[in-house]
Amino acid sequence: EAGVVQSPRYKIIEKKQPVAFWCNPISGHNTLYWYRQNLGQGPELLIRYENEEAVDDSQLPKDRFSAERLKGVDSTLKIQPAELGDSAVYLCAILKYGELFFGEGSRLTVL
Amino acid sequence: GQNIDQPTEMTATEGAIVQINCTYQTSGFNGLFWYQQHAGEAPTFLSYNVLDGLEEKGRFSSFLSRSKGYSYLLLKELQMKDSASYLCAVRDSGNTPLVFGKGTRLSVIA
């Protein structure tokens, strides 16, 4: 689905380093989600945005994770500092016609 | 809390039919979704059920029983390209985020 573009596709860092992921959805979609998917598991919600407002961030580990959605379009997810257990695929999704459309994800490996 | 259960792995033969079950326990219910995810790719939408019964879409069908907290995805005329993970997801109310099961990894063999 070309509607959600994520970058980078792959990132390898050492533990304690910072990392940031970008999500560029088609403009006009109010609801945006960040999910984390560990190997062999289903996606787990990290945060949901309605326009610029984070309306559900209860699952976001706020001691090291932060997110923002400027102007209600693009969004960034940051981890600082990264830990080994953060290795996962970070998926951005938009709500369109009641369905979730995912980007291809950013695969993070923390060494 | 919310709990979604589906088998971890299944294997089926090319040309056959396979049924992937999903049971859920959620505080509310506002729809059940099935997604397909090939290795290294994003999940893609397959089907949506909000009322009891069967929804058919080509080779794929999805069934829902709200009273039993149960759904299945039926794949007919299996092809090798159907080898993927199949994710069951539930929305418990309104426009709340989907809660996903762990996925069922389907292997289609010749």
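Above this text sits the structure in question.
A quick note: this is a predicted structure, and the numbers were derived from the prediction, not measured.

Enquirer: Is there a simple way to think about the overall build of chain B in this case?
Expert: Scanning chain B from N- to C-terminus turns up zero helices and eleven strands. Secondary structure elements of chain B occur, N-terminal to C-terminal, as β-β-β-β-β-β-β-β-β-β-β. For 110 residues, the compact-globule formula gives about 13 Å, and the C-alpha radius of gyration of chain B, at 13 Å, lands near that figure. Judged by the C-alpha coordinates and their principal axes, chain B covers about 40 × 30 × 20 Å. Per-residue burial over chain B gives 44% buried out of 110 residues. Of the contacts formed within chain B by residues at least 6 apart in sequence, a portion of 55% connects residues at least 24 apart.

Enquirer: Looking at this structure, I do not really get the pairing of strand β6 (residues 53-56) of chain A. What am I missing?
Expert: Sheet faces and side chains relate simply in a regular strand, where the side chains alternate between the two faces. Residues and elements named next belong to chain A. As paired strands, strand β5 (residues 44-50) and β6 are joined by three bridges and run antiparallel to one another. In the strand pairing of β6, arginine 48 is matched with aspartate 56. Count of turn residues in the β5/β6 antiparallel hairpin: two residues, of which asparagine 51 carries a positive phi of about 55°.

Enquirer: Help me understand the sheet that holds strand β6 (residues 53-57) of chain B, please; the structure alone is not making it clear to me.
Expert: The strands making up a sheet associate through hydrogen bonds between their backbones, and the pairing can be parallel or antiparallel. Residues and elements named next belong to chain B. Spatially, the five strands line up as an open sheet ordered β1-β3-β8-β7-β6, and their pairing is antiparallel. Since the sheet does not close on itself, it has two edges, and those belong to β1 (3-5) and β6, each with one partner. On average, each strand axis in the sheet is inclined to that of its neighbour by 15°, with strand direction left out of account. With five bridges joining them, β6 and strand β7 (residues 60-65) adopt antiparallel strand pairing. Counterpart to lysine 57 in the pairing with β7 is phenylalanine 60.

Enquirer: Teacher, can you tell me more about the packing of aromatic side chains here?
Expert: Two measures describe an aromatic ring pair: the distance that separates the ring centres and the angle between the ring planes. All told, the structure shown has 15 aromatic pairs over all chains when counted by the stated rule. Ring centres 5.2 Å apart and planes at 20° place the aromatic pair tyrosine 24 of chain B and phenylalanine 29 of chain B in the stacked group. On the basis of relative accessibility, which here comes to 9%, the residue tyrosine 24 of chain B falls in the buried class. Members of the aromatic cluster, connected to one another through ring pairs, are Tyr33, Tyr35 and Phe102 of chain A together with Phe33, Tyr35, Phe45, Tyr48 and Phe100 of chain B. Over the face of the ring belonging to phenylalanine 101 of chain A we find lysine 96 of chain A, whose NZ or CZ atom lies 5.5 Å from the ring centre.

Enquirer: What exactly am I supposed to notice about the environment of glycine 103 of chain A here?
Expert: Structurally, glycine 103 of chain A is set in the loop between β10 (99-102) and β11 (106-110). What makes glycine 103 of chain A buried here is its relative accessible area of 0%. When the C-alpha atoms of glycine 103 of chain A and arginine 36 of chain A are compared, they prove to be 12 Å apart, with 67 residues separating the residues in sequence. Other than its neighbours up to four places away in sequence, glycine 103 of chain A contacts Val4, Gln6, Leu91 and Cys92 of chain A together with Ala42 of chain B.

Enquirer: Any chance you could explain the nonpolar core here in plain terms?
Expert: In summary, soluble globular proteins display a tendency toward joint burial of nonpolar side chains. Grouped together as the largest cluster of nonpolar side chains are 22 residues, with contacts concentrated most on Phe21, Trp34, Leu77, Ile79, Tyr90 and Leu108 of chain A. Breaking this core down by element, the ones donating at least two residues are β3 (19-25), β4 (31-37), β5, β8 (75-79), β9 (88-96) and β11 of chain A. When residues of this core are assigned to their parent elements, the largest contribution, four residues, is made by β9 of chain A. Contact partners of leucine 108 of chain A, with chain neighbours within four places excluded, come to Lys11, Ile13, Val19, Phe21, Ile79, Asp86, Ser87, Ala88 and Tyr90 of chain A. Counting 20 residues, the second largest nonpolar core, distinct from the first, contains Leu64, Leu75, Ala84 and Val90 of chain B.

Thresholds, definitions, all that
- Residues numbered from 1 in each chain as written.
- Chains lettered and ligands numbered in written order.
- Predicted model: local features only at pLDDT ≥ 70, side-chain atom pairs only at ≥ 80, totals over all residues.
- Heavy atoms only, no water.
- Helix = DSSP H or I, 4+ residues; strand = E, 2+ residues; numbered from the N terminus.
- Rg over C-alpha atoms; globule rule 2.2 N^0.38 Å.
- Buried < 20%, exposed > 50% of the residue type's maximum accessible area, 1.4 Å probe, protein only.
- Contact = heavy atoms within 4.5 Å.
- Pairing = 2+ DSSP bridges.
- Axes fitted to C-alpha atoms, helices over the stretch in contact; angles between N-to-C directions.
- Phe/Tyr/Trp six-rings, centres within 6.5 Å; stacked < 30°, edge-to-face > 60°.
- Lys NZ or Arg CZ within 6 Å of the ring centre and 35° of its normal.
- Core = buried A, V, L, I, M, F, W, Y, C linked by side-chain atoms within 4.5 Å.

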